Amino acid sequence: PQSSSESSAKSKKVMIIGGDGYCGWATALHLSNKGYEVAIVDNLVRRLFDHQLGIDSLTPISSIQNRVRRWKSVTGKSIQLFIGDICDFEFLSEAFKSFEPDSVVHFGEQRSAPYSMIDRSRAVYTQHNNVIGTLNVLFAIKEFSQECHLVKLGTMGEYGTPNIDIEEGYITITHNGRTDTLPYPKQASSFYHLSKVHDSHNIAFTCKAWGIRATDLNQGVVYGVRTDETDMHEELCNRFDYDGVFGTALNRFCVQAAVGHPLTVYGKGGQTRGYLDIRDTVQCVELAVANPAKPGEFRVFNQFTEQFSVNDLARLVTTAGKKLGLDVQTISVPNPRVEAEEHYYNAKHTKLIELGLRPHLLSESLLDSLLNFAIKFKDQVDPAQIMPTVSWKKIGVKTRTVSV
Ligand code: NAD
Ligand code: USQ
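Residues numbered from 1 in each chain as written. Chains lettered and ligands numbered in written order. Predicted model: local features only at pLDDT ≥ 70, side-chain atom pairs only at ≥ 80, totals over all residues. Heavy atoms only, no water.

**Focus: the overall build of the chain**
Point 1. If you tally the helices and strands in the chain, you get 13 helices and 14 strands.
Point 2. The C-alpha atoms of the chain give a radius of gyration of 20 Å, which matches the 22 Å a tight globule of 404 residues would have.
Point 3. Structurally, the chain occupies a C-alpha span of about 65 × 55 × 45 Å along its principal axes.
Point 4. For the chain, with 404 residues in total, the buried portion stands at 55%.
Point 5. In the chain, 82% of the contacts between residues at least 6 apart in sequence involve partners at least 24 apart. (Helix = DSSP H or I, 4+ residues; strand = E, 2+ residues; numbered from the N terminus. Rg over C-alpha atoms; globule rule 2.2 N^0.38 Å. Buried < 20%, exposed > 50% of the residue type's maximum accessible area, 1.4 Å probe, protein only. Contact = heavy atoms within 4.5 Å.)

Here it is in structure tokens:
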């Protein structure tokens, strides 16, 4: 594998779509710090969802313009900004022609499963935004920069929870005496997770038909907030979602423990997923960018470092909380989702390790620092945002205002 040293990265231009979001902001700074020339493309719709739902990041986040200005003043490095919607092909074309990326890292989607299950209009928005946005990126690569490598954020949730081992993208099957290597079966369980399945199929097809080079990063659930770069100045601070729509399991549990809210385990709590530290998200993307797929190759990496059930996470947070003097309780919340609550789960995740990933595993020290981080900001917590409000079964055509 090629190492991503500063010198080899200098001439490389990376466009980060969704660079104002949680994973995208951390990655944009990381790649800029490593010597890549970075442009952020974002329509700031994630900030609009907060306004519409009456929710907010635990941490105060600066405007994208101030973030980029601060980054320049702290490091001397410039990040270009293109504010617009990738579903608008004219906007995307202009951004492509002006920046001429060598790689595109695509984080720019509606990424919450509960959001996609609020009502019909949110389900349709999610699939339109994600599927059409990705199609536009594929057309832009074909039209303006054939050699450009697409690094696309997918999700481990594309595979669901089958009763056999999960492979990295492909499985070799022998059927009626004949053998083939085929895309691993997809069993997504929300309109959001399904949008990622549709994306994967569209990308795989264009790799075959047009020779696009692409890497699908089937990422697990991300936790943590601090990275080397966002730590450089308080105005570079990342967002931290803890609410019932955008907050993810471990981040939510840390905030719940900090404010004395019982940990919200949905159903039996045996739901097992792959998890990773946000410091590993930025490392994985850097590895994918530095070691591009070949023309026509549709490469799939499972991007997580450890598997946990929801009950495992609750136990870990309870133990770590006790050490900090917190009395952490757990409640079983009737599961608002339709998902297996007790199941087999064993997913391969070796390809990024082979490229050189050095994982930050979930040790007690990290949980301590994440809990301390949540404690530091606990006055910002709105307890009314904690319980889940979106039901997989009650979704209907009537437009819902999700509020307390
Ligand atoms: P996020 O919502 O914080 O960031 C997504 C960004 O994309 C936002 O800034 C949003 O404004 C932007 N965006 C959305 N639609 C856009 C459009 N049409 N045009 C331009 N910009 C648009 O999400 P995140 O947590 O950073 O996730 C980033 C990616 O990683 C997503 O694709 C998500 O599915 C994937 N992922 C996230 C996690 C996780 O735990 N956070 C886990 C696995 C995969
Ligand atoms: N869960 C609880 N209690 C909570 C929150 C969640 O028990 O308070 C359970 C959920 O029911 C689910 C599991 O924890 O079984 C994970 O839920 P989550 O909200 O942390 O993650 P999920 O909805 O799967 O989505 C997140 C990101 C999404 C990404 C996905 C990766 O929002 O963008 O694609 O993680 S994965 O889970 O591998 O598909």
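Having put the structure on the table, let's press on.
**Brief notes about helix H5 (residues 89–99)**
Point 1. If you check which residues of H5 are buried, you get Phe91, Leu92, Ser93, Ala95, Phe96 and Phe99.
Point 2. Of the surrounding elements, those touching the buried residues of H5 are strand S1 (13–17), strand S2 (37–42), strand S3 (79–83), strand S4 (103–106) and helix H7 (120–144).
Point 3. Its side-chain oxygen 3.2 Å from the backbone nitrogen of glutamate 90, aspartate 88 forms the N-cap of H5.
Point 4. Just downstream of H5 lies glutamate 100, where phi reads positive at about 50°. (Polar contact = N/O pair within 3.5 Å; in protein donor to acceptor, adjacent residues only side chain to side chain.)

**Observations concerning the site of ligand 1**
Point 1. Ligand 1 sits among 27 residues. The nearest are Cys23, Asp42, Asn129, Tyr192 and Lys196.
Point 2. Note that an oxygen atom of ligand 1 is positioned 2.6 Å from one of the side-chain N or O atoms of aspartate 42.
Point 3. Side-chain polar atom of aspartate 85 to a nitrogen atom of ligand 1: 2.9 Å apart, as the coordinates give it.
Point 4. When the free accessible area of ligand 1 is taken as 830 Å², the share hidden by the protein chains comes to 98%.
Point 5. Listed by contribution, the elements that provide at least two residues to the shell around ligand 1 are helix H2 (22–33), helix H3 (45–53), strand S5 (149–155), helix H8 (191–210) and strand S9 (221–223). (Near = heavy atom within 4 Å. Areas by Shrake-Rupley, 256 points an atom, 1.4 Å probe, with all protein chains shown as cover.)

**Side note on the sheet that holds S9**
Point 1. Ordered in space as S9-S11-S13, the three strands form an open sheet in which the pairing is mixed. At either margin of the open sheet sits one strand with a lone partner, and together these are S9 and strand S13 (306–309). Geometrically, the sheet is characterised by an average inter-axis angle of 45° between neighbouring strands, direction not taken into account.
Point 2. Taken strand by strand, helix H11 (residues 310–323) contacts strand S11 (272–277) and S13, and its axis lies near 90° from that of S13. (Pairing = 2+ DSSP bridges. Axes fitted to C-alpha atoms, helices over the stretch in contact; angles between N-to-C directions.)

**Thoughts on the pattern of salt bridges**
Point 1. Tallied over the entire structure, the rule returns 21 salt bridges.
Point 2. The closest approach of N and O atoms between aspartate 241 and arginine 239, which form a salt bridge, is 2.9 Å.
Point 3. A residue is classified by how much of its surface remains accessible, and aspartate 241, at 6% relative accessible area, is buried.
Point 4. Here arginine 239 falls in the buried class, since its relative accessible area comes to 2%.
Point 5. The salt bridge involving lysine 268 is made with glutamate 342; its shortest N-O contact spans 3.6 Å. A residue pair is termed long-range when its members are at least 10 positions apart, and lysine 268 in the loop between strand S10 (263–266) and S11 and glutamate 342 in the loop between strand S14 (330–333) and helix H12 (351–354) qualify at 74 residues. Here lysine 268 matches glutamate 342 in class, with each residue exposed.
Point 6. One network of salt bridges, in which partners are shared, links Arg46, Asp50, Arg111, Arg239 and Asp241. (Salt bridge = Lys/Arg side-chain N within 4 Å of Asp/Glu carboxyl O.)

**Remarks on the sheet that holds S4**
Point 1. If you trace the seven strands from one edge of the open sheet to the other, you get S3-S2-S1-S4-S5-S8-S12, paired in parallel fashion. With partners counted over all chains shown, the strands left at the sheet margins are S3 and strand S12 (298–303), one partner each. Sheet twist, expressed as the mean angle between neighbouring strand axes with direction ignored, is 20°.
Point 2. Running at roughly 150° to S5, H8 makes contact with S5, strand S8 (213–219) and S12 of the sheet.

**Some details on the site of ligand 2**
Point 1. Inspection of the region around ligand 2 gives 23 residues, with Thr155, Tyr192, Ala249, Thr264 and Glu339 positioned closest.
Point 2. One of the side-chain N or O atoms of threonine 155 is found 2.6 Å from an oxygen atom in ligand 2.
Point 3. Within the side chain of tyrosine 192, one N or O atom sits 2.6 Å away from an oxygen atom of ligand 2.
Point 4. Look at ligand 2: alone it shows 730 Å² of surface, and the protein chains cover 96% of it.
Point 5. Counting residues per element, the ones that place at least two in the shell around ligand 2 are H8, helix H9 (249–259) and S10.
Point 6. Residues belonging to the shell around ligand 2 are distributed by class as follows: nine nonpolar, nine polar and five charged. (Nonpolar A, V, L, I, M, F, W, Y, C, P; charged D, E, K, R; others polar.)

**Section: the packing of aromatic side chains**
Point 1. Inspection of every chain in the model, using the stated rule, returns nine aromatic pairs.
Point 2. Taking 4.6 Å as the distance between ring centres and 40° as the angle between the ring planes, the aromatic pair formed by phenylalanine 49 and tyrosine 115 counts as tilted. You can see phenylalanine 49 sitting in helix H3 and its partner tyrosine 115 sitting in helix H6 (residues 113–116), a full 66 residues away along the chain. Both residues of the pair, phenylalanine 49 and tyrosine 115, count as buried.
Point 3. Judged by centre distance (5.0 Å) and plane angle (45°), the ring pair of phenylalanine 373 and phenylalanine 377 falls under tilted. (Phe/Tyr/Trp six-rings, centres within 6.5 Å; stacked < 30°, edge-to-face > 60°.)

**Quick look at the packing of H5 against H7**
The packing of two helices is summarised by the inter-axis angle and the distance between the axes.
Point 1. Direction vectors running N to C along H5 and H7 enclose 45°, while the axes themselves pass 10 Å from each other. The orientation of H5 with respect to H7, classified from their angle, is oblique. The way H5 lies across H7 gives a crossing that is right-handed. Contact residues: Phe89, Leu92, Ser93, Phe96 and Lys97 in H5; Asn136, Val137, Phe139, Ala140, Ile141 and Phe144 in H7.
Point 2. For the contact of H5 with H7, the class distribution of residues is eight nonpolar, two polar and one charged. (Parallel < 35°, antiparallel > 145°, perpendicular 65-115°, else oblique. Left-handed = near helix turned anticlockwise from the far one by under 90°.)

Purely spatial values, then, with no claim about function.
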